Amino acid sequence: MTTENAFWMDTRTQLTLVELAECSGVTETVVQELVDYGALTPSGARPAEWAFSAECAVSVRKAARLCGDLELETSAMALVVSFLERIQELEAQVRRLRAQAGGSF
Amino acid sequence: MKYKDYYEILGVKRDASADDIRKAYRKLAQKYHPDVTKDPAGEEKFKEVGEAYQTLKDPEKRKAYDELGSSFASGQEFRPPPGWEQRFREAPGGGSQSFSFDDLDLSDLFESLSRGRRGGGGQRTPRPMRGPDFEVAVQLTLEDAIRGTQVELHVALPEYDEHGAVHAVEKTIKARIPKGATDGQRLRLRGQGGKGMNGGANGDLYLDITLRPHALFRADGHDLYLDVPLAPWEAALGASVQIPTPDGNVNLKIPAGTTAGRKLRLGGKGLPRPEGSPGDLYAVAQIVNPTVLTDRERELYRELAQASRFDPRGHFAKESP
C-alpha cells in the first residue's frame, strides 16, 4: 500500500480470492475455475488461504473483458490469462534487455 | 436521428441467420477489441460493431429494427415510424413528454426495448450496483517517478443514470501517484472509478503507467542504467569520473583495464521504491574515441600501435571453422 487508497498492482501486493475477484470484475467461482485450469497459481492450500500476486489481476481483468465481449467460455479465458501472463513476462524481459543494452538494442 | 445500417456494419445480409450474425460479430470484435487492436480507430469501430450486434442478436430487437425498413442509407437522417414515439415514452427511463427523437441515438431506442422487458421501473426494490472500473494510460517522466506526482486526467467516462442508460461524461480526475512508479506498472485508486448505483460502492480507477524515455537513464524496474562514455586511456589506466544520479552527481572510480559494456553497480542509487531501499544504478562503460585527432594525439596513437602487442582479434584464428 502506498497511500490510503492507492495500491501498486505488482508482486509486492498480495490479494485474497475475494479481493482478486473484486479487482478483476469476475466472480469468485470464475477465479476458482481459473485456478482449476492452471491459469492462476496462488500460494496457500485452500481457497480461504489463497494469496495471489496483485499483478495477475491485470491479466484477469483484461481476459474477462475480452471473453465477455467475445462471448467465450471460462476455459478460453484461462488460456487468455496464461497468454497474457506470458506476454507480460516477455515485455518485462524486453524492457530489461533494452535498459541493459541501451542504444544497441 | 441518424440511421445506422447494422447489417452493413457487421458485413452480413439482411436475411443472415443468428449464427452468421454471431460469427460476423466475433470476427470483427476480435479484430477491433480495444485490448487487442493497434488501430487508433479500433475502439470506435468496436463500439459500432457491439451496438449492431446487441440489436441484431436479440430476435425482438432485430424484428423492431427490420420494421424500420431498408430504404435508409447509413448516416441518413430519419424519423422512426408512427408508434415508436409511444413505445419509447412508455419504456422505463424513456423520454419525457417533451423529448424529441432528434436528441436520441438509434441505440437508445433499442436499449429502451430491453429496459421495457426487464421492467426496470420503480416497482421493484433497486439492487445496489457497484460502479464500473476504469483504466487510463498515464505517461510519467523519470522525475515524476522519483518524487511522486499529481496528474490531471481528462477522460470521457461512461456513467449510468437511474434507469441504467449509459452516457459519456467528461471528467477531470486528479490522481496522486506516489513515488516509486516503474514502467509498465499499474496503480489502483480505490473508489475513484464510476459511481455506484442505489447505494453500491464506487468502482476503481486503474492507471496504466509508462515512463517517458529519459535522455540519460534507462529504467528496468527500479534499477537504472546509465551509459558512461570513457576515453580509451581512462578505460585503460583507470580514472575517477563524475556521473549524474537521481540524487545528484557522484564520483565513480573506473578500474584500470575497464572494457566496453562492463557494468559498475552503485547500490541504492536507482529509483526509489514505495517501501524499502531504492533500486541500483548501473554505470555501463562505453569506450569512445575522439573524432578529430591533433597531430600530437595521432603521433601518440602511432607510438602505442607500434609498442603494443595487444591483439583484439586473437580469438578469430582459434574459433574460425
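Scroll up to find the structure this text is about.
Residues numbered from 1 in each chain as written. Chains lettered and ligands numbered in written order. Predicted model: local features only at pLDDT ≥ 70, side-chain atom pairs only at ≥ 80, totals over all residues. Heavy atoms only, no water.

1. Here we look at the overall build of chain B
When you go through chain B residue by residue, the secondary structure sums to 10 helices and 11 strands. With 321 residues in all, chain B has 38% of them scored as buried. Summing over all exposed atoms, chain B offers an accessible surface of approximately 18900 Å²; the carbon and sulfur share of this is 50%. (Helix = DSSP H or I, 4+ residues; strand = E, 2+ residues; numbered from the N terminus. Buried < 20%, exposed > 50% of the residue type's maximum accessible area, 1.4 Å probe, protein only. Areas by Shrake-Rupley, 256 points an atom, 1.4 Å probe, with all protein chains shown as cover.)

2. Section: the overall build of chain A
Regarding its fold elements, chain A presents four helices and three strands. In sequence order, chain A lays out its α and β elements as β-β-α-α-β-α-α. Taken along the three principal axes of its C-alpha coordinates, chain A extends 45 × 35 × 25 Å. Expressed as a percentage of contacts within chain A between residues at least 6 apart in sequence, the contacts between residues at least 24 apart total 56%. On chain A, roughly 5500 Å² of surface is accessible, and the fraction owed to carbon and sulfur atoms is 53%. (Contact = heavy atoms within 4.5 Å.)

3. So, the sheet that holds strand S1 (residues 134-140) of chain B
Overall, mixed pairing links the four strands, which are arranged S1(A)-S4(B)-S5(B)-S1(B) in an open sheet. Strands with a single pairing partner mark the edges of an open sheet, and in this sheet they are strand S1 (6-8) of chain A together with S1 of chain B. For this sheet the average axis-to-axis angle between neighbouring strands, irrespective of direction, equals 25°. The sheet contact formed by strand S4 (residues 186-189) of chain B and strand S5 (residues 205-211) of chain B spans four bridges and is antiparallel. Bridge pairing in S5(B) places Leu187(B) opposite Leu207(B). (Pairing = 2+ DSSP bridges. Axes fitted to C-alpha atoms, helices over the stretch in contact; angles between N-to-C directions.)

4. A closer look at the pattern of salt bridges
Counting across every chain of the model gives 27 salt bridges over all chains. Of the charged contacts, one joins Arg296(B) and Glu299(B) as a salt bridge, the two residues approaching to 3.5 Å between their closest N and O atoms. One end of the pair, Arg296(B), and the other, Glu299(B), are both in helix H9 (residues 295-307), three residues apart, so they sit about a helical turn from each other. The partly exposed category is assigned to Arg296(B), whose relative accessible area is 49%. On the basis of relative accessibility, which here comes to 44%, the residue Glu299(B) falls in the partly exposed class. A single network of salt bridges, built from pairs that share partners, joins Glu22(A), Arg61(A), Arg65(A), Asp35(B), Arg130(B), Asp133(B), Glu135(B), Arg188(B) and Asp204(B). (Salt bridge = Lys/Arg side-chain N within 4 Å of Asp/Glu carboxyl O.)

5. Brief notes about the packing of helix H3 (residues 42-56) of chain B against helix H4 (residues 59-67) of chain B
Residue and element names in this part refer to chain B. Between H3 and H4, the least distance of the axes is 6 Å, while the angle of their chain directions is 105°. Judged by the angle between their axes, H3 and H4 are roughly perpendicular. Across the interface between the two elements, Gln54, Thr55 and Leu56 of H3 pack against Lys61, Arg62 and Tyr65 of H4. Here the contact of H3 with H4 is composed, by residue class, of two nonpolar, two polar and two charged. (Parallel < 35°, antiparallel > 145°, perpendicular 65-115°, else oblique. Nonpolar A, V, L, I, M, F, W, Y, C, P; charged D, E, K, R; others polar.)

6. Points about the pairing of strand S6 (residues 217-220) of chain B
Side chains on a regular strand alternate between the two faces of the sheet. All names here are of chain B. Alternating positions in S6 separate into two faces, Phe217 and Ala219 on one and Arg218 and Asp220 on the other, with burial throughout. Bridge count for S6 against strand S7 (residues 223-230) is four bridges, and the pairing is antiparallel. From the neighbouring strand, Phe217 faces S7, where its bridge partner is Leu226. Between S6 and the antiparallel strand that follows it, S7, lie two residues; Gly221 among them carries a positive phi value of about 60°.

7. Overview of the interface of chain B and chain A
Of the residues lining the interface, 39 residues belong to chain B; the matching set on chain A comes to 28 residues. Roughly 3100 Å² of surface becomes buried between chain B and chain A when both sides are summed, with 51% attributable to carbon and sulfur atoms. When residues of chain B are sorted by the area they lose upon contact with chain A, Asp35(B), Arg186(B) and Arg188(B) head the list and together hold 21% of the total. Inspection of the region where chain B meets chain A yields eight salt bridges. Inspection of the chain B/chain A interface yields 18 residue pairs in polar contact (both at pLDDT 80 or more). Mapped by element, the contributors of at least two residues to the side of chain B that touches chain A are helix H2 (18-32), H3, strand S3 (166-177), S4, S5 and S6 of chain B. No other element matches the five residues that H2(B) contributes to the side of chain B that touches chain A. Taken together, the residues of the side of chain B that touches chain A sort by class into 15 nonpolar, six polar and 18 charged. (Buried area = accessible area lost by both parts, 1.4 Å probe. Polar contact = N/O pair within 3.5 Å; in protein donor to acceptor, adjacent residues only side chain to side chain.)

8. Here's the deal with the layout of surface pockets
Residues and elements named next belong to chain B. As a volume, the second largest pocket reaches approximately 490 Å³. What lines the second largest pocket is a set of 14 residues, and nearest its centre among them are Pro232, Trp233, Ala236, Tyr301 and Leu304. When residues of the lining of the second largest pocket are traced back to their parent elements, those giving at least two are helix H8 (232-237) and H9. Element by element, the count of residues in the lining of the second largest pocket is highest for H9, at five residues. The class makeup of the residues in the lining of the second largest pocket is nine nonpolar, four polar and one charged. (1 Å grid on protein atoms, 1.4 Å probe; cavity = no way out; pocket = protein on both sides within 12 Å on 5 of 7 lines; lining within 4 Å. Points joined across faces, edges and corners; volume = space filled by probe spheres on them.)

9. Remarks on unusual backbone geometry
Look at Glu71(A): it is not a glycine, yet its phi comes out positive at around 55°. Following the sequence through the fold, Glu71(A) ends up in the loop between helix H3 (55-69) and helix H4 (74-101). Residue Glu71(A) is classed as partly exposed on the basis of its relative accessible area of 27%. Residue Asn198(B) is not a glycine yet carries a positive backbone phi of 55°. With respect to the helices and strands, the residue Asn198(B) is situated in the loop between S4 and S5. Accessibility expressed as a relative area gives 41% for Asn198(B), which makes it partly exposed.

10. Describing the packing of aromatic side chains
Inspection of the entire model under this criterion finds six aromatic pairs over all chains. For the pair Tyr7(B) and Tyr65(B), a centre-to-centre distance of 5.9 Å together with 50° between the ring planes defines the contact as tilted. Of this pair, Tyr7(B) sits in helix H1 (residues 6-10) while Tyr65(B) is found in helix H4, placing the two residues 58 residues apart along the sequence. Above the plane of the ring of Phe7(A) lies Arg188(B), whose end atom (NZ or CZ) is 5.7 Å from the centre. (Phe/Tyr/Trp six-rings, centres within 6.5 Å; stacked < 30°, edge-to-face > 60°. Lys NZ or Arg CZ within 6 Å of the ring centre and 35° of its normal.)

Read these as geometric descriptors, not functional statements.
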